[in-house]
Amino acid sequence: MDFNGKVALITGSSRGIGKSIAKDLASKGAFVIINYASNEQAAQSVKDEIESKGGKCEIRGFDVSSYSQVNDEIDSIVKDHGELNFLVNNAGITRDTLLMRMKEEDWDAVINVNLKGVFNCTKAASKYMVKQKSGRIVNISSVVGEMGNPGQSNYSATKAGIIGFTKSVSRELASRNITVNSIAPGFIETDITSGLSDKVKEYYLGQIPLSRFGSPEDVSGVVSFLLSDAASYITGEVIRVNGGMYT
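Residue positions within a chain follow its written sequence, with the count starting from 1. This being a predicted model, a pLDDT of at least 70 is required before a residue's local features are given, and a value of 80 or more before pairs of side-chain atoms are given or counted; all residues contribute to the totals for chains, interfaces and linings. Values reported for side chains reflect all heavy atoms of the structure, with hydrogen atoms and water molecules removed beforehand.

## Description of helix α4 (residues 104-132)
- Secondary structure elements are taken from DSSP: a helix is a run of H or I of four residues or more, a strand is a run of E of two residues or more, and numbering for both begins at the N terminus. Here a helix's expected span is defined as the number of its residues, less one, multiplied by 1.5 Å. In a regular helix each residue adds 1.5 Å, so 29 residues correspond to 42 Å; α4 covers 40 Å between its end C-alpha atoms and thus fits that length.
- K133 sits one or two residues past α4 and shows a positive phi near 60 degrees.

## Re the sheet that holds strand β2 (residues 31-36)
- Ordered by their spatial adjacency, seven strands build an open sheet running β3-β2-β1-β4-β5-β6-β7, and the pairing between neighbours is parallel. The outermost strands of the open sheet, each flanked by one partner alone, are β3 (56-61) and β7 (238-241). Across the sheet, the mean angle separating the axes of adjacent strands is 20 degrees when strand polarity is ignored.
- Any two strands with at least two DSSP bridges between them are considered paired. Relative to β7, strand β6 (residues 178-185) runs parallel, the two sharing four bridges. Among the inter-strand pairings, S182 is bridged to a residue of β7, identified as V238.
- Note on contacts: a residue pair qualifies if any of its non-hydrogen atoms lie within 4.5 Å across the two residues. In this description, a line fitted to the C-alpha atoms serves as the axis of each element, helices being fitted only across the stretch in contact, and the angle between N-to-C directions of two axes falls anywhere from 0 to 180 degrees. Here helix α2 (residues 40-52) sits on the sheet and contacts β2 and β3; the angle it forms with β3, its principal contact strand, is near 170 degrees.
- Its contacts with the sheet put α4 on β4 (86-89), β5 (135-140) and β6, and the angle it makes with β4 is roughly 175 degrees.

## Here we look at the nonpolar core
- To define a nonpolar core, start from buried Ala, Val, Leu, Ile, Met, Phe, Trp, Tyr and Cys residues and group those joined through side-chain atoms within 4.5 Å. The buried label goes to any residue with under 20% of its type's maximum accessible area, the exposed label to any with over 50%, and the partly exposed label to all in between, with areas taken from a 1.4 Å probe on protein chains only. Core analysis: the biggest nonpolar cluster contains 29 residues, and L25, V32, I183 and V223 have the highest contact counts within it.
- At the level of elements, β1 (7-10), α1 (16-27), β2, α2, β4, β5 and α9 (216-227) are the ones that each hand at least two residues to this core.
- Membership of the second largest hydrophobic core comes to 26 residues, among which are I33, A125, V169 and I178.

## Considering the pairing of β1
- Of the two faces of β1, both are covered, the one formed by V7 and L9 as well as the one formed by A8 and I10.
- Where β1 and β2 come together, four bridges link them in parallel fashion. Opposite A8, over in β2, you have V32 as the bridge partner.
- A clockwise path from the first strand over the helix to the second, with the strands pointing away from the viewer, defines a right-handed crossover. In this region the chain leaves β1, passes through α1 and returns to the parallel neighbour β2; the handedness of that crossover is right-handed.
- Sheet topology note: the β1/β4 ladder contains three bridges and is parallel.

## A short note on the packing of α4 against helix α6 (residues 153-173)
- Closest axis-to-axis distance for the α4/α6 pair is 9 Å, and the angle between their directions is 15 degrees. Classified by the angle their axes make, α4 and α6 are roughly parallel. Classified by chirality, the crossing of α6 by α4 is right-handed. Contacts between α4 and α6 involve D106, W107, V110, I111, N114, L115, V118, F119, T122, S126 and V130 from the first element and S153, N154, Y155, A157, T158, K159, G161, I162, F165, V169 and L173 from the second.
- Here the contact of α4 with α6 is built from residues that sort into 13 nonpolar, seven polar and two charged. To sort the angles, those under 35 degrees are grouped as roughly parallel, those over 145 as roughly antiparallel, those from 65 to 115 as roughly perpendicular, and the leftovers as oblique. Each crossing is labelled by how the near helix is turned from the far one, with a counterclockwise turn of less than a right angle marking it left-handed and a clockwise turn marking it right-handed. Ten residue types, Ala, Val, Leu, Ile, Met, Phe, Trp, Tyr, Cys and Pro, are classed as nonpolar, four, Asp, Glu, Lys and Arg, as charged, and the remainder, Gly among them, as polar.

## Digging into the layout of surface pockets
- Whether a set of points on the 1 Å grid over the protein atoms alone is a cavity depends on a 1.4 Å probe fitting there but being unable to get out, while an open set qualifies as a pocket with protein on both sides within 12 Å along at least five of seven lines; lining residues are those with an atom within 4 Å of a point. Grid points are joined across faces, edges and corners, and a volume is the space filled by probe spheres set on the points. There is about 210 Å³ of room inside the second largest pocket.
- Looking at the second largest pocket, it is lined by 13 residues, and the ones nearest its centre are K6, F86, R136, L227 and D229.

## Things to note about the environment of T94
- Relative to the helices and strands, T94 is located in the loop between β4 and α4.
- In sequence terms T94 and A231 are 137 residues apart; their C-alpha atoms lie 31 Å from each other.

## A closer look at the pattern of salt bridges
- For this analysis, a salt bridge means a side-chain nitrogen from Lys or Arg found within 4 Å of a carboxyl oxygen belonging to Asp or Glu. One pass over the structure, following the stated rule, counts ten salt bridges.
- For R240, the salt bridge is made with E146, and the minimal N-O distance between the two is 3.0 Å. Remark: E146 occurs in helix α5 (residues 144-147) and R240 occurs in strand β7; sequence separation between them is 94 residues.
- With relative accessibility at 22%, the residue E146 sits in the partly exposed group.
- Via salt bridges that share partners, E58, R60, E73 and D80 belong to a single interconnected network.

## Points about the environment of C57
- Following the sequence through the fold, C57 ends up in strand β3.
- Classification of C57 by relative accessible area gives buried; the value is 8%.
- If we skip the residues at most four places from it in the chain, C57 touches F31, V32, I34, K47, I50 and E51.

Here it is as structure tokens:
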């Protein structure tokens with residue numbers, strides 16, 4: 001896969017899956033835009049790592065839940081780089097608790113970042129991709145968006161929403177040679193899963209036929225494929241990367 005000359009924006013790419021995606025795309029020649037919401041130090045660390053291996057990138061700090069911030073930043077990206085070829089909507093947060101205990105602000109925060117953020121970024125980026133008559137968009141959903149999970153009604157709702165959003169927008173943009181796909185990872189070893197108790201981890205491992213948690217690289221490899229020319233006839237799909245946990 002050769003992404004030389006391509007400009008890629010990966011939201012929430014200062015850690016976890018987003019970081020892995022940023023590193024992978026940069027290693028394949030893409031100019032990567034590392035987005036973060038609050039941890040500039042972590043984003044700088046990703047930038048340093050990419051540049052130490054000869055990759056090209058820059059940092060953009062903005063809140064994907066803010067319509068105005070997203071529009072301003074994507075306008076600026078295209079002004080500075082001439083185009084935007086790839087968008088990976090990865091930014092996400094959790095506010096886990098049972099529905100009976102969930103506060104309105106816990107619901108709103110997750111909806112605003114995980115789902116509204118995808119709307120904001122896709123709407124802003126697709127404006128330029130339509131003019132270019134080309135583009136690739138990958139939205140990161142989750143296995144819990146398909147199967148649900150106790151204590152994650154807010155998170156599951158956003159990830160299910162991303163799947164419906166992907167299928168609808170893929171139909172809207174296909175005539176302009178823009179593909180829109182979604183990846184639904186299972187339990188991936190990131191900051192989010194590291195906070196689980198040993199008992200919970202043991203339970204979920206028992207539900208995974210491959211008997212291991214995934215790695216961020218398991219997801220970033222699929223992202224690269226969907227962004228490549230090899231996937232030019234794939235759109236509106238949900239690719240499950242979950243070790244067989246849900247099929």
